[in-house]
Every structure is written in C-alpha cells, then in structure tokens.
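# Report on the structure
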Amino acid sequence: MLRKLLIGTMLSGAMTAGFAAPSFADEVEVLHWWTSGGEAAALDVLKKKLESQGVTWKDMPVAGGGGEAAMTALRARVTAGDPPTAVQALGFDITDWAKQGVVGDLTDIATKEGWDNVIPAALQQFSKYDGKWIAAPVNVHSTNWIWINKKALDAAGGKAPESWDELVVVLDKMKANGISPIGHGGQAWQDATIFDAVVLSLGTDFYKQSMIDLDPAALNSDKMVEAFDRMSKLREYVDADFSGRDWNLASAMVIEGKAGMQFMGDWAKGEFLKAGQKPGTDFVCIRFPGTQGAVTFNSDQFMMFKVGDAEKKAQDLMASDIESPEFQSAFNVVKGSAPARTDVPDTAFDDCGKKAIADLAEADKGGKLFGSMAHGHANPAAVKNAMYDVITRHFNGDLNSKDAAAALADAVAAAKG
Amino acid sequence: MAITDTAKAAAANPRATLQDWLPKLVLAPSFALILLFVYGFILFTLALSFTGSKLLPDFSTWVGFNNYVRLFNHPNWIVALKNLAIFSILYIFICSVLGLGLAILLDQKIRGEGVIRPIYLYPMALSFIVTGVAWKWFLDPGIGLENVMHQWGWESFSFRWIKEGKMAIYTIVIAAIWQSSGFVMAMFLAGLRGVDNEVIKAAQIDGASTVTIYRRIIIPLMRPVFLSAFVVLAHLAIKSYDLVVAMTDGGPGTATWTPALFMQKFTFGRNEMGMGASSAIIMMIMIFSIIVPYLYSELGGGKKQ
C-alpha cells in the first residue's frame, strides 16, 4: 500500500515535471487568486489585451484565503528557483518578497511612462523597493466605506450620518425599527476593517502614529481606549449570530434589508450591483463618519519576479499594459475599485466609483492617504495579525477597552521582536 | 549460529543470495524516502526553529531559543495549549467510554449486528472537513438545531455554544467524538471477540453475575485495547487541525485555536516561519512523549514473550 502510494507520488511528480514545458519568450505566467465571476472577468481584460500583442498568458490561479493559498504556492515555486513572471500580491507581502532578493526590476518602463507622477506616493511605497519599481499597481480599494440600505436609512430619518454621534442616532433608530443595524461577520479581518475606520475617525495623525509608526505611546493611549470603546458601542448593534459569517453574507443582509449598514471595503459594492441595486436609489455609499477627506486603502499589485532576458520583454509589456489608462478604467469599473493612477477619467464609473476616485485624489493631495492596517498595508503581517488577535478578542468581549489598549501595545512589541 | 549457516549457504548458492538481498533491496527506496522526507525534515524544522526565518527559510540568522521564549509568551499559544488540554482529555475519555459501551452492547449477540456496526463506524469514513462543515451548520443557531427547534414551536430553546468564546471548544469536542467513537467501538469489539470464552464460562460456573464478569474479567482484559485507543486518539487530538478550521477557524476571536492551527497560521499566514517551526517541534515532542513509551512497552512486551 505504502509502496503503491510512493510510486504513485513519484509518477505524478515525474509527469508534472514533464509537462512543465520550458517557458517561451513571449509568455507570461501569472499567479493570482481572482477566480470568482466578477474578478475573473476583470482580469480577462488584461489577458485579451496581452494576447492581441502576441503574448501568451499562462494562467496559474490559486484561490482561497484572500491570497494566503497563493502565497504558499509562491513559496514553493520560489524555493524551487522557478518563480512565475508576475504574482498578484498585497502591501507588505511585496516588501517581504523584495527583501528576499527575488523580485524583478520595472524601473526602465516606469521611468519611460512616468509612473512616478501619476501613481500616489502611498502606493509607490509598496510598488518600489530600494528605489526600484518592482510591482505594477492594478487598483486602489478603499476600506473606510459604509454601505447603507436606502430604505432602512429613510426609515431612520433619511440623513446619512456625518459624525460619530449622528451615526449612533441612526443605529438606534434602525434598532427601534426592528432590524439589525449593522450587518457584520465575526472574522478577525472584518473586525479589524471596522477598527481601521474607527481609529481613522479619531484623527489622521492618530491613525498614522498608532497603525503605521506603531508608536507605543499612541497604541496604549486614552485615545486608543476611546477607539475600543467605540468598537464596544458598535458591537451592541450587531446581531447575535455574527460570529464566523462571511463578508458577502453580511452584505446580503444589508441588500435584503435585514440589516441597515455594513462597514466594508469597496469590493462590497460588487455584491450590491450583482443584486441589481443602484447606488443612490437602493443603497448609499458614504465614508465612515469623521473620515471624509482621508482614505485607508489596500492595493492589488502585480509583483514581478526575476526572469531571463528573453522573458523580460513580455514582462515589461504586461506592466505597461496594466498601467495603461484604458485598462485601469476597464478593470476597475468591473472590480469596483478605483484606478491606481490618478489621471484616469471617471466617466465610465458609477456614482460610488466617481466618489472613490475624487476622494482618493483629495486624500493623496492632502497627505491623508494611508495604508489599511486590516488589509496589510499599514504594517507587516506579523504585527497586523498580532493586532487582529487583540481587536477580535475585545470585540468578542474577552477584554475591556483599557486592557485591550495595553494588550495592543504589548502584542505589537512582541510581534516586532 | 543460524546466521553463519545461512551465509555459508548463500555464498554457495546465488539464488539464496538474491533471496537474502531482495527484501532489503525492495525496502531500500521507501526506507530512503522516509529517512529523508520524515526524519530529514524533522531535523530541518528543528534547525529552522532556532533561526529568525520570516517568509522563507533563512539560516543566516541564529536566534537560539528566542522563538521558544516568544512562543510561550504568546497569548494565542497559551490559549492553544489550554484548548488542547480540554479537547484531548474530554475527547479521549468520552470516546473510550462511549466506544467500550457501544462495543459491549453490540457484543450481546443481537440480531442485525451486521447492519448496526457499519452505521456506527461510518462517521470515520468521512474526512474531518466534512464532519466539521456538517456540525458547523447543525450547531449554527441561525440555520441549525436552534432554528429548527424554534420553528417547531420551542421558542425558548437555546443552544449557541459555537458562537460563545468560552463554550466553542466543547462543540469541537462533540463533533470529534461523533466522528471517532465508532472507530474506538470497532477496536473494542475486536478485543471483546478475542476474549477466551472458557474464561467467561468458568466465571459463570463460579456464579459471577454478568456485571461482575465485565467489571472484573473482560474490561481488565481490554487493557491493550485501551492503550492502543489512547495512542490513536491522543495523536489525533494533538494534530487536530482540519476539524477546527472547518468548524470555527479558531473563532470566535481566538477561542478555539489549537497548536496545529497556531503552527499553520504563524508559518504561512504571519510570515513567522521560525516561530511556526518551534511550535511544530513542541507538538512533535508532545506526540513523541506519548508514542515512545507505547512503542517501548509494545516492543518490551515482545521480548518478554
């Protein structure tokens, strides 16, 4: 039995090796996790464009875990010395890979096309390492959105909240109207997504000090206690069965009117549009109260790996196509995000998309564009997850706000060590 | 003496030489593979646990026992160890008791045993992922048991352990017991069938009641089965991963983390390969501390005979 298994494994190993044909010059192998309907359709735009330029697209989709499975696959490929041409990656993961010295260099094409001037500096921080361009940003998702069911909002006074107190009033009214005010899924990253917005609403400087600079004084401060208090307050408006719920099911609750609003990044918009809802008439998109003018973002990028000179041409072509304004517009209209360059016309976008583009440009100009902690753009994975632990424990009632602030500072210090 | 005889005969006869070498030759590849892929990688992991590896293995930064110190200072690891203690004690104890009870009842020469036995054994044929997903839905207050009870008119019924941080680990125990007790039953049933009928008959003639026969004779005879069941269940408990992932994925909060979940999340999710490796080594030490005495007693017993 064991021997049979072993032989089977060896055979299948040999077969895979046999099929791994030598890559041709005009071919890009792309590792990504955009496999669901809308995402796959968006990526197809790029694939078609490259194929029209004579470049073969070798697809390597690895779905699952918000890219975690893809990163595990990538580890194996890089360790084996055979990395794909381009890999979808997020935030600090890109920097982490760059530190391993395995990524390529896009500086030539970036300089030629003037990426430095059109891509926000906050994004460049991840697309560049050591002064060299290593990744081509595809989009900017902003995470400090609230998606509100229009009918539920009308029943609760009809005015979109602009401050924390107004938000609480609306939530109370929704509760009185007999719906669950907040549609939320109890998964660590979703709890952290709300936390991002809450911290940002207490001041952009505070967000930067605590989430990006990881200043211990800011992490364990009265302001942080207040942030946790606000989380406890929001917790009161979440239904009892929230734990473990997926984000799209929480969106569905808002769409069906069972819940009033959801705090979620702009990928949630896709769920509303898929259900045939229209921005403005069926649902309302606003920034988390107190964060208008500031944006916390995460950005999907295609990180480029070191390839031979022959394949470099196809790689550069792919990077150039990604940054072309036509692709940026076509892709992001489908994906629900904003273009990664600020000079793309917003004509093809819906109202929420137009707002996203305008807000992004405003935040970029005002220096209020920050990486999202919940989505791995404010600090490295180890710190991010240490923060998740504390946030989710507090949200589930294991810690009070004061202890949570202290635990946050401790956890960050431990994760940095 | 015997060996030298064989050697002499082998030297004289090439066919005997072949017969002598063939088993070794055939076993050599699998032996080499196991040596490399099991023991080789255990050593690799051990080495890794002393490095500051983050995203990829990195043997240039030696940090000594730092990873172990950080591990035992990490609240999630402590939670994982506590959960392992709760889980393994309840799981092993209840599975053994339930398995033995079922086996004794099935052993009463009842009709239809052939039908009933596979029914109990069937859950073992499912993967833990399937068990986990099914139990997750069954226990979910919104769609499962609680909801059904409410629909049937029992409005006050409440069973929401899976959503409560303090109780969630017990729901995993329930699912795991459902999965494994049939298997333990099969082990005990085999043991019961192996009991010498003469002993039981002698006891009956001496006037012992059925309860006494079980308590004083049969159950003590099951000692090796208890031991085997313990070892099988204990290592299943220590590596419990898939069931937790499918049922709660460690939630609510971090309430149902187990050491295996910790290892996976730190190595692959948090880019803390060094710390992940050290947690794997601790898990291995736990497993060895169960398996080694067992093997020792088994092999030692063989020698005595």
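Keep in mind that what you see is a predicted model, and the values were worked out from it rather than measured. (Residues numbered from 1 in each chain as written. Chains lettered and ligands numbered in written order. Predicted model: local features only at pLDDT ≥ 70, side-chain atom pairs only at ≥ 80, totals over all residues.)

## Quick look at the nonpolar core
Residue and element names in this part refer to chain A.
- Trp147, Met303, Met304, Met387, Leu408 and Val412 are the most contacted members of the largest nonpolar core, which has 128 residues in total.
- Of the residues forming this core, the biggest block, 9 residues, is contributed by helix α19 (residues 381–395).
- Counting contributing residues, this core receives three or more from each of domain 1 (26–141 + 298–365) and domain 2 (145–296 + 372–416).
- Residues in contact with Met304, not counting those within four places in the same chain, are Ala86, Val103, Gly104, Leu106, Ile134, Ala135, Gln315 and Ala319. (Core = buried A, V, L, I, M, F, W, Y, C linked by C-beta atoms within 7 Å. Buried ≥ 20, exposed ≤ 12 C-beta atoms within 10 Å, placed from the backbone. Helix = DSSP H or I, 4+ residues; strand = E, 2+ residues; numbered from the N terminus. Domains from an automatic or database assignment. Contact = placed C-beta atoms within 7 Å.)

## Concerning the interface of chain A and chain B
- At the junction of the two partners, chain A supplies 26 residues and chain B supplies 24 residues.
- Along the lines of polarity and charge, the residues of the side of chain A that touches chain B split into 7 nonpolar, 11 polar and 8 charged. (Nonpolar A, V, L, I, M, F, W, Y, C, P; charged D, E, K, R; others polar.)

## Points about helix α14 (residues 247–255) of chain A
All names here are of chain A.
- Regarding α14, the residues found buried are Trp247, Ala250, Ser251, Met253, Val254 and Ile255.
- Against the buried residues of α14 lie β8 (145–149), β9 (180–182), α10 (188–201), β10 (259–263) and α15 (268–274).
- Trailing α14 by a residue or two, Gly257 shows a phi angle of about 85 degrees, which is positive.

## Points about the sheet that holds strand β15 (residues 369–371) of chain A
Residue and element names in this part refer to chain A.
- Strand order across the open sheet formed by 4 strands is β14-β7-β12-β15, with mixed pairing between neighbours. Lying at the two open borders of the sheet, with one neighbouring strand each, are β14 (338–339) and β15.
- In the sheet, strand β7 (residues 139–142) pairs with strand β12 (residues 295–298) via 2 bridges, with the strands oriented antiparallel. In the strand pairing of β12, His141 is matched with Asn298. (Pairing = 2+ DSSP bridges.)

## Things to note about the environment of Gly132 of chain B
All names here are of chain B.
- Among the structural elements, Gly132 can be located in helix α6 (residues 128–139).
- Note: C-alpha distance between Gly132 and Lys24 (108 residues apart in sequence) is 43 Å.
- Beyond its immediate chain neighbours, meaning those up to four positions away, Gly132 contacts Ala175, Asp242, Leu243, Ala246 and Met247.

## Notes on the domain arrangement of chain A
Residue and element names in this part refer to chain A.
- By the assigned domains, chain A splits into domain 1 (26–141 + 298–365) and domain 2 (145–296 + 372–416).
- Taken over C-alpha atoms, the centre of domain 1 sits 27 Å from the centre of domain 2.
- Counting residues at the interface gives 20 residues for domain 1 and 18 residues for domain 2.
- The element that contributes the greatest number of residues to the side of domain 1 that touches domain 2 is helix α18 (residues 351–365), accounting for 8 residues.
- The residue inventory of the side of domain 1 that touches domain 2, partitioned by class, reads 6 nonpolar, 7 polar and 7 charged.

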